[in-house]
Amino acid sequence: MTYPPPSEWQDPARSDPSSAPPLDPTRSMADPPVPAQSTGPDPYAPAQPVADPYAAPAYTVPAYPASGHPPAGYAAPAGYPPPGGYPVYPYPPARPTNSLALVSLILSVLGVTSCITAPIGAILGHVARRQIRERGEDGDGLAKAGIIVGWVLTGLIGLAIVAYVLFIVFVVSQSSSSTY
């Protein structure tokens, strides 16, 4: 089944101007043509050229004596080396502190009261030192302190448990030899 062409359809194979599509696709081919735009001066253009508001201001380099440095008592402008001849560099950005190192120290110190967090803090200190080496972060001192405090408290807690067990064994052995 074939459909008849639309009434405004023009054959593109024809070369006469009536077959050219309209300049404005919303207008019909039957509408009168649109007059061409004038090529005269732009009525909205400014009368004088406008300077670029984002352009860098003109800068002239001051003339210095033969030494290449400013006279005594004057500071060198930006970009010039200081009188010593060495360039001044800004401080490097601060490295972040490893948060696991801080957690390790806190858990190790809390081991005084809870006993179980001291070995956890020591282990986290070892993990934090490895992360610090890999990532280049700060906090190595915190991690070392967490390791030391954690293992010392773990050792003291272990000694206290051994002493408690020996005390219980001693008391039980003394009570079994009584004559009751």
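The following paragraphs examine the structure supplied in this document. Predicted, not measured: the structure shown is a model, and the values here were computed from it. (Residues numbered from 1 in each chain as written. Predicted model: local features only at pLDDT ≥ 70, side-chain atom pairs only at ≥ 80, totals over all residues. Heavy atoms only, no water.)

## A look at the overall build of the protein
Within the protein one finds 3 helices and 0 strands. Reading the secondary structure of the protein in the N-to-C direction produces α-α-α. When burial is assessed residue by residue, the protein has 14% of its 180 residues classed as buried. The contacts in the protein between residues at least 6 apart in sequence include a share of 49% that link residues at least 24 apart. Total accessible area on the protein is roughly 14800 Å²; 67% of this is exposed by carbon and sulfur atoms. (Helix = DSSP H or I, 4+ residues; strand = E, 2+ residues; numbered from the N terminus. Buried < 20%, exposed > 50% of the residue type's maximum accessible area, 1.4 Å probe, protein only. Contact = heavy atoms within 4.5 Å. Areas by Shrake-Rupley, 256 points an atom, 1.4 Å probe, with all protein chains shown as cover.)

## Remarks on a nonpolar patch on the surface
Together, Ile 161, Tyr 164, Val 165, Phe 167, Ile 168, Val 169, Phe 170, Val 171 and Val 172 make up a nonpolar patch on the protein surface, roughly 880 Å² of accessible area in all. Position of Ile 168 relative to the elements: it lies in helix α3 (residues 140-176). With relative accessibility at 37%, the residue Ile 168 sits in the partly exposed group. (Patch = residues over 30% accessible without salt bridge, like charges linked within 9 Å, V, L, I, M, F, W, Y side chains within 5 Å. Salt bridge = Lys/Arg side-chain N within 4 Å of Asp/Glu carboxyl O.)

## Looking at the packing of helix α1 (residues 99-114) against helix α2 (residues 117-135)
When two helices pack together, you describe them by how their axes are tilted relative to each other and by the distance separating the axes. It is at 7 Å that the axes of α1 and α2 come closest, and there the two elements cross at 165°. The angle between the axes of α1 and α2 places the two elements in the roughly antiparallel class. Crossing handedness for the pair α1 and α2: left-handed. Contacts between α1 and α2 involve Leu 100, Ala 101, Val 103, Ser 104, Leu 107, Ser 108, Leu 110, Gly 111 and Ser 114 on the former and, on the latter, Thr 117, Ala 118, Ile 120, Gly 121, Ala 122, Leu 124, Gly 125, Val 127, Ala 128, Gln 131 and Ile 132. Residues that form the contact of α1 with α2 fall into these classes: 12 nonpolar, 8 polar and no charged. (Axes fitted to C-alpha atoms, helices over the stretch in contact; angles between N-to-C directions. Parallel < 35°, antiparallel > 145°, perpendicular 65-115°, else oblique. Left-handed = near helix turned anticlockwise from the far one by under 90°. Nonpolar A, V, L, I, M, F, W, Y, C, P; charged D, E, K, R; others polar.)

## As for the side chain of Ser 108
Summarising the element assignment, Ser 108 is placed in helix α1. When sequence neighbours within four positions are dropped, the list of residues in contact with Ser 108 reads Thr 117, Ala 118, Gly 121, Ala 122, Gly 146, Val 149, Gly 150 and Leu 153.

## Quick look at the environment of Ile 147
Looking at the element boundaries, Ile 147 is found in helix α3. Along the backbone, Ile 147 and Val 127 are 20 residues apart, and their C-alpha atoms lie at a distance of 10.0 Å. Once residues lying within four places of it in the same chain are set aside, the contact partners of Ile 147 are Ser 104, Ala 122, Gly 125, His 126 and Arg 129.

## Some remarks on the nonpolar core
In terms of nonpolar packing, the biggest core is built from 5 residues, these being Leu 100, Ala 101, Ala 128, Ile 132 and Ala 143. Counting only elements with at least two residues in this core, the list comes to α1 and α2. What Ile 132 contacts, discounting residues up to four positions off in sequence, is Asn 98, Ala 101, Glu 137, Asp 138, Gly 139, Asp 140 and Ala 143. (Core = buried A, V, L, I, M, F, W, Y, C linked by side-chain atoms within 4.5 Å.)

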